[in-house]
Amino acid sequence: VREGQRWLSASPAIPGSRLEGAGCPRVVTQALLKCCHSGKEIFVFCTHLDHRGMLEAARPFSAGLQIQAAQGEILLKEVEAFCDADDA
């Protein structure tokens, strides 16, 4: 029904963008699927949070957790926006 991809950064619409201190860009791929038989819809999201940046920024260790926490907050906002979008 609908699909999209957003970057887990301060600028989610800019391809390749990443949080300061992140080891590599991260995305969330999102889709709204509809079952052919029942007509029921389901939201599907796939992402992988930063691991390299966490290790590099983890001096002290808590700095790495801040990167993942920030990516998680962005992810939740993107999920909410995607789910709330009008079907056009």
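A quick note: this is a predicted structure, and the numbers were derived from the prediction, not measured.

Engineer: An account of a nonpolar patch on the surface is needed here, citing residue identities and associated values.
Structural biologist: A surface patch of nonpolar side chains, about 250 Å² in accessible area, is lined by L33, I42 and V44. With respect to the secondary-structure elements, L33 resides in strand β2 (residues 27-34).

Engineer: Now, about the sheet that holds β2: what can you tell me, with residues and values included?
Structural biologist: Across a sheet, paired strands are connected by hydrogen bonds in the backbone, their directions being either parallel or antiparallel. Spatially, the three strands line up as an open sheet ordered β1-β2-β3, and their pairing is antiparallel. Whereas interior strands pair on both sides, the edge strands pair on one side only; in this sheet they are β1 (2-7) and β3 (41-47). Taking each pair of neighbouring strands and ignoring which way they run, the sheet shows an average axis angle of 15 degrees. Summarising the sheet, β2 and β3 pair through seven bridges and their orientation is antiparallel.

Engineer: Describe the confidence of the model for the protein chain, with residues and values.
Structural biologist: For the protein chain, the mean per-residue pLDDT works out to 76, and 73% of the residues sit at or above 70. When mean pLDDT is taken per element in the protein chain, β2 scores highest with 88 and helix α1 (residues 52-57) scores lowest with 56.

Engineer: Just give me the short version of the side chain of S9, but keep the residues and values in it.
Structural biologist: Turning to its location among the elements, S9 is positioned in the loop between β1 and β2. Judged by its relative accessible area of 2%, S9 falls in the buried class. Looking at S9, its side chain comes within polar contact range of the main-chain nitrogen of S11, at 3.0 Å. At 2.6 Å, the side chain of S9 and the side chain of S17 are in polar contact. Apart from the residues lying within four places of it in its own chain, the contact partners of S9 are S17, R18, L19 and I74.

Engineer: Lay out the packing of aromatic side chains in plain terms, naming residues and giving numbers.
Structural biologist: If you walk through the whole model with that rule in mind, you get one aromatic pair. A centroid spacing of 6.3 Å and a plane angle of 20 degrees characterise the contact between F43 and F45, whose relative ring orientation is stacked. Given a relative accessible area of 34%, F43 falls into the partly exposed group.

Engineer: For the side chain of S17, give the residues involved together with the corresponding values.
Structural biologist: Examined against the element boundaries, S17 turns out to sit in the loop between β1 and β2. Side-chain polar atoms of S17 contact the backbone oxygen of I14, separated by 2.7 Å. Those residues in contact with S17 that lie beyond four places of it in its chain are W7, S9, S11 and P25.

Cut-offs and rules
Residues numbered from 1 in each chain as written. Predicted model: local features only at pLDDT ≥ 70, side-chain atom pairs only at ≥ 80, totals over all residues. Heavy atoms only, no water. Patch = residues over 30% accessible without salt bridge, like charges linked within 9 Å, V, L, I, M, F, W, Y side chains within 5 Å. Areas by Shrake-Rupley, 256 points an atom, 1.4 Å probe, with all protein chains shown as cover. Salt bridge = Lys/Arg side-chain N within 4 Å of Asp/Glu carboxyl O. Helix = DSSP H or I, 4+ residues; strand = E, 2+ residues; numbered from the N terminus. Pairing = 2+ DSSP bridges. Axes fitted to C-alpha atoms, helices over the stretch in contact; angles between N-to-C directions. pLDDT = per-residue confidence, 0-100. Buried < 20%, exposed > 50% of the residue type's maximum accessible area, 1.4 Å probe, protein only. Polar contact = N/O pair within 3.5 Å; in protein donor to acceptor, adjacent residues only side chain to side chain. Contact = heavy atoms within 4.5 Å. Phe/Tyr/Trp six-rings, centres within 6.5 Å; stacked < 30°, edge-to-face > 60°.

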